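Residue-level structure breakdown
The lines below spell out each chain.
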Amino acid sequence: MSVIIVLLFASISVAAIFLAAFLWGVKNKQFDDSFSPPYRILFDDKPVNEEVTK
Amino acid sequence: MQVEKFYYDNKTVKWFAYAVMVWGLVGMLAGLWIAVEMYYPPLSMGFAPTTFGRMRPVHTNAVIFAFVGNGIFMGIYYSLQRLCKARMFNDTLSKIHFWGWQLIILAAALTLWAGCTSGKEYAELEWPIDIAIALVWVLFGINMFGTIIKRRESHIYVAIWFYIATWVTVAMLHIVNSMELPISILKSYSLYAGVQDALVQWWYGHNAVAFFLTTPYLGMMYYFLPKAANRPVYSYRLSIVHFWALIFIYIWAGPHHLLYTALPDWAQSLGTVFSIMLIAPSWGGMLNGLFTLRGAWDKVREEPVLKFLVVAVTCYGMATFEGPMLSLKNVNAISHFTDWTIAHVHIGALGWNGFMTFGVLYFLIPKLWNTELYSKKLATTHFWLGTIGIILYAVPLYWAGFTQAMMWKSFTEEGQLKFQFLETVTHILPMYIARSIGGLIYIAGAVVMTYNLIKTIGQGSFIGDEAAEAAPFPKEIVPHSNEYWHRWIERRPMQMLVFSLIAVAIGGAIEIIPTFLVKSNIPTISSVKPYTPLELHGRDVYIREGCYLCHSQMVRPFRDEVARYGEYSKAGEFVYDHPFQWGSKRTGPDLARLGAKYPDSWHFNHMQDPQSMSPGSIMPSYPWLYENDINAFQTPKMIWAMRTLGVPYPVGYESQCNKDAETQANEIAARLKADKLEVKPSREIVALIAYLQRLGKDIKSAPKETKKVEGDAAVPGN
């Protein structure tokens, strides 16, 4: 069953990548504001002033 | 602050949306085709590409990688730009990504019809296509991460996290499971053998469901559901917990596909435990989606998009509750190898993926073409057709699966098996008919949608580059903007150490893994011998025709299976199986102990006309096996490949192998001739008979003492 080591290695590397991403997210204050992001996505970014044509 | 003006790329989204509609119909029709073949086998018309064994991979690959795959890209290319407030990183990459993916799909369909398959479910594609997939996936990754890096919104919305997890994990799964040794441009053998191959395959299979069919669609749910309802997600905090909990648990649940098989027990238990744990994040996510609509259920009555999304999320909840239940060993003992599994995956495929895709299409198309949906009434009709279709599809199959499992396990008072295998098949045929009607209704709904969307497109005018404006990315959040990344690492010796360790570990693993995999192939059962060259050819035919899609080669240690098929399967029997052929469904009986059960002539007649040997059988006939010759030119390469993978053929056997194959073929042809059946020894059918007659034979010739150690005292008649 030595292939388990391959799978563990692959799985743990991916988990390590995710863990690093999570720690980065926490450090980067990504998860500090849980109020405004869900509202922000509801607004479209249509230009307000002028009609843009392209 | 100065706002920047830019344009969203809608063209790529449009192309992916078209691809979703086209491939969706193709994939579903292929599904309908094989659903009908299950009760009307003449539909295969004696033509290889239209048989169940070849159409089934076409169906699964089309719906997973073409329909859902393009759906993922459509959803990501639309939502990622808006969440990042930035155009996609590079238009050329977007174009290459789109066309590359469609070419892969086309190549996949053609090669699968031609019978080129690696023989591993949901990863059937041969090695050149595997490489193409990896390349296109990397381009997609560059495009996605490039967009994330140049985003104007510093907060990474939860949907993007789901997209990132999808990319990283699918890349890793695809690479690990596609490790194969090519012997020609369209033929290769899995690097892993037997139990190890099975474990890798189902680790991949399970995680493909998790990270290809689930996480990207969850990301889409977190974007499109709030957008369509025009209200924020119920709990953003819960969505973040949902994400991190889900990805950390999901990777470990794969072994639940191999309960009661020859996989070590501790690995099976591990898979079960993590599967049960998965209920928590999955249901957290489902409730989060449904609660988003609190106080807005009146909108669901009016808005077809929301109808589709609500049923999709509900189906997600049902499938993710059912999944952990099926991972319990006692439930799995009943459900495994039956149609129960097929019903379960279609709740996910038709309900979760299908309805989510339909909802997103109904949302996107009017937006991209700056118009209203052509007909809400037709969309509602589609919704009901789809919903009824799902119910009519799933309920009969649950019934069929449970019924068949109960019949398999029934004994008479005298302790004999109560039903022949064939009786358990013919008994559930009405269920198969009902299922195909459900599927037909579901497809009818998709056709209605296509018409509705074409009409919508016709009345609108497409906005290829949608103008938008947003403030630039706040500078102060980027701390190391004017130095290279390695400077940051170099000033931190501990991090430096960790990163270099990872780099070394990857390099080392690449070198070490193949060698010790080969070493562990030393058989633990001394009577198990490598296949003869002719049997190898037969095995290739078996794989090519997709026999494993209806026949398992794995006798589980249950009283009924041992009584029906013979001694239960041991891990040591499969050490030379590249790839493993355990299968996952028993539309036909298990074949692990088929060898020497019938005479050669029985197989000869059976493959030509299955109904002549077992009346009522739903197996198609394989007339082309009687006309095609095996490719003797390839035999030495096969031997070489197998030896490279650790199968102990003597050095130099390449020059001898074709002679051995001929001798064995002549023997079989002579036996057939004795039964008045004329066949040229070079035909594929002869090789296939050689392989089928070999199955499970080695262990029967095992010395008595081995049997004593491993035999089951409770087995009757053993």
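Cut-offs and rules
- Numbering of residues starts from 1 in every chain and runs along the sequence as written.
- For naming, the first written chain is A and the first written ligand is 1, with later ones following in the order written.
- Residues qualify for local features only when their pLDDT is at least 70, as the model is predicted, and side-chain atom pairs are given and counted only at 80 or more; totals for whole chains, interfaces and linings, by contrast, use all residues.
- By the criteria applied, helices consist of DSSP H or I runs no shorter than four residues and strands consist of E runs no shorter than two, each listed in order from the N terminus.
- Exposure classification rests on a simple neighbour count of other C-beta atoms within 10 Å of a residue's own: a residue reaching 20 or more is buried, one at 12 or fewer is exposed, and one in between is partly exposed. C-beta atoms are placed from the backbone.
- Based on C-alpha atoms, the radius of gyration is set beside the globule rule, defined as 2.2 Å times the residue count to the power 0.38.
- We call two residues in contact whenever the C-beta atoms placed from their backbones are within 7 Å.
- Multiplying 1.5 Å by the helix residue count minus one yields the expected span of that helix.
- An axis is simply a line fitted to the C-alpha atoms; with a helix, the fit covers only the stretch in contact. Between two such axes, the angle follows the N-to-C directions and lies from 0 to 180 degrees.
- Comment on the angle field: the value is read as roughly parallel under 35 degrees, roughly antiparallel over 145, roughly perpendicular from 65 to 115, and oblique elsewhere.
- Crossing chirality is assigned from the near helix's rotation relative to the far helix, an anticlockwise turn below a right angle marking it left-handed and a clockwise turn marking it right-handed.
- Throughout, the ten residues Ala, Val, Leu, Ile, Met, Phe, Trp, Tyr, Cys and Pro are labelled nonpolar, Asp, Glu, Lys and Arg are labelled charged, and all others, Gly among them, are labelled polar.
- pLDDT is a residue-level measure of predictor confidence that goes from 0 to 100.
- Each nonpolar core consists of buried Ala, Val, Leu, Ile, Met, Phe, Trp, Tyr and Cys residues. Their C-beta atoms, within 7 Å, join them into a set.
- In this entry, domain limits derive from an automatic or database-based domain assignment.

Considerations on the overall build of chain A
- When helices and strands are counted, chain A shows 2 helices and 0 strands.
- A total of 54 residues make up chain A; the buried ones form 19% of that total.

Examining the overall build of chain B
- Summing up its helical and strand segments, chain B has 27 helices and 4 strands in all.
- Scaling as 2.2 N^0.38, a compact globule of 718 residues should have a C-alpha radius of gyration of about 27 Å, and chain B matches this with 27 Å.
- A buried classification covers 51% of the 718 residues belonging to chain B.
- For chain B, long-range pairs separated by at least 24 residues make up 83% of all intrachain contacts whose partners lie at least 6 apart in sequence.

What about helix α6 (residues 194-229) of chain B?
Residue and element names in this part refer to chain B.
- Under the 1.5 Å per step criterion, the end-to-end length of α6 is 50 Å for 36 residues, consistent within 8% with the ideal 52 Å.
- With respect to burial, α6 is a largely interior element, 35 of its 36 residues being buried.
- Just downstream of α6, Asn230 is the residue with a positive phi angle, here 55°.

Some remarks on the packing of helix α2 (residues 52-84) of chain B against helix α4 (residues 127-149) of chain B
Residue and element names in this part refer to chain B.
- The geometry of α2 relative to α4 is characterised by a closest axis approach of 9 Å and an angle of 20° between their N-to-C directions. By the angle class used here, α2 and α4 are roughly parallel. Handedness of the α2/α4 crossing: right-handed. Facing α2, whose interface residues are Ile76, Leu80, Gln81 and Cys84, α4 presents Met144, Thr147 and Ile148.
- Split into classes, the residues belonging to the contact of α2 with α4 amount to 5 nonpolar, 2 polar and no charged.

Looking at the confidence of the model for chain B
All names here are of chain B.
- With 91% of its residues at a pLDDT of at least 70, chain B reaches an overall mean of 90.
- Across residues 705-718 the pLDDT falls below 50, and counting only partners more than four positions away or on other chains, this stretch makes 12 contacts in the model.
- Two numbers describe this predicted complex: its pTM, 0.90, and its ipTM, 0.83.

What about the nonpolar core?
Residue and element names in this part refer to chain B.
- Ranked by internal contacts, the top residues of the largest apolar core, which has 210 residues, are Phe16, Ala159, Leu199, Leu309, Ala312 and Leu688.
- If one sorts the elements of this core by residue count, α6 sits on top with 23 residues.
- Split by domain, this core shows at least three residues from each of two domains, domain 1 (293-471) and domain 3 (533-710).
- Those residues in contact with Phe16 that sit more than four places away from it in its chain are Asn70, Phe73, Met74, Tyr77 and Phe98.

Details of the environment of Pro557 of chain B
All names here are of chain B.
- Mapped onto the fold, Pro557 is located in the loop between α19 (533-544) and α20 (559-565).
- Overall, the presence of 16 C-beta atoms within 10 Å leaves Pro557 in the partly exposed class.
- With 25 residues separating them along the chain, Pro557 and Thr532 place their C-alpha atoms 28 Å apart.

Focus on the packing of helix α5 (residues 158-177) of chain B against α6 of chain B
Residue and element names in this part refer to chain B.
- Following both chains from N to C, one finds α5 and α6 inclined at 160°, their axes separated by 8 Å at the closest point. On the basis of their axis angle, the class for α5 and α6 is roughly antiparallel. Taken as a pair, α5 and α6 cross one another with a handedness that is left-handed.
- A per-class count over the contact of α5 with α6 returns 18 nonpolar, 7 polar and no charged.

Section: helix α11 (residues 304-326) of chain B
- Helix length check: α11 of chain B, at 23 residues, gives a terminal C-alpha distance of 32 Å against a target of 33 Å (1.5 Å per residue), a fit within 8%.
- When you tally the buried positions in α11 of chain B, you get 17 out of 23 residues, the bulk of the element.

A look at unusual backbone geometry
Residues and elements named next belong to chain B.
- For the peptide bond that leads from His578 to Pro579, omega is -10°, which places it in the cis range.
- Tracing the backbone through its elements, the reader meets Pro579 in the loop between α20 and α21 (600-608).
- Phi at Tyr122 is positive, roughly 65°, even though this residue is not glycine.
- Of note, Ala596 is a non-glycine position whose phi angle comes to about 70°, a positive value.
- Mapped onto the fold, Ala596 is located in the loop between α20 and α21.
- Judged by local crowding, Ala596 falls into the partly exposed class, with 13 C-beta atoms found within 10 Å.

Considerations on the environment of Gly284 of chain B
Residue and element names in this part refer to chain B.
- With respect to the helices and strands, the residue Gly284 is situated in helix α9 (residues 279-291).
- Residue class for Gly284 comes out partly exposed when judged on the 18 C-beta atoms lying within 10 Å of it.
- Between the C-alpha atoms of Gly284 and Asn353, which are 69 residues apart in sequence, the distance is 18 Å.
- Sequence-distant contacts of Gly284, that is, excluding residues within four places in its chain, are made with Leu238, Val241 and His242.

Description of the environment of Ile104 of chain B
All names here are of chain B.
- Position of Ile104 relative to the elements: it lies in helix α3 (residues 91-113).
- Between the alpha carbons of Ile104 and Tyr649 there is a distance of 36 Å; along the sequence they are 545 residues apart.
- What Ile104 contacts, discounting residues up to four positions off in sequence, is Ile129, Ala132, Ile133 and Val136.

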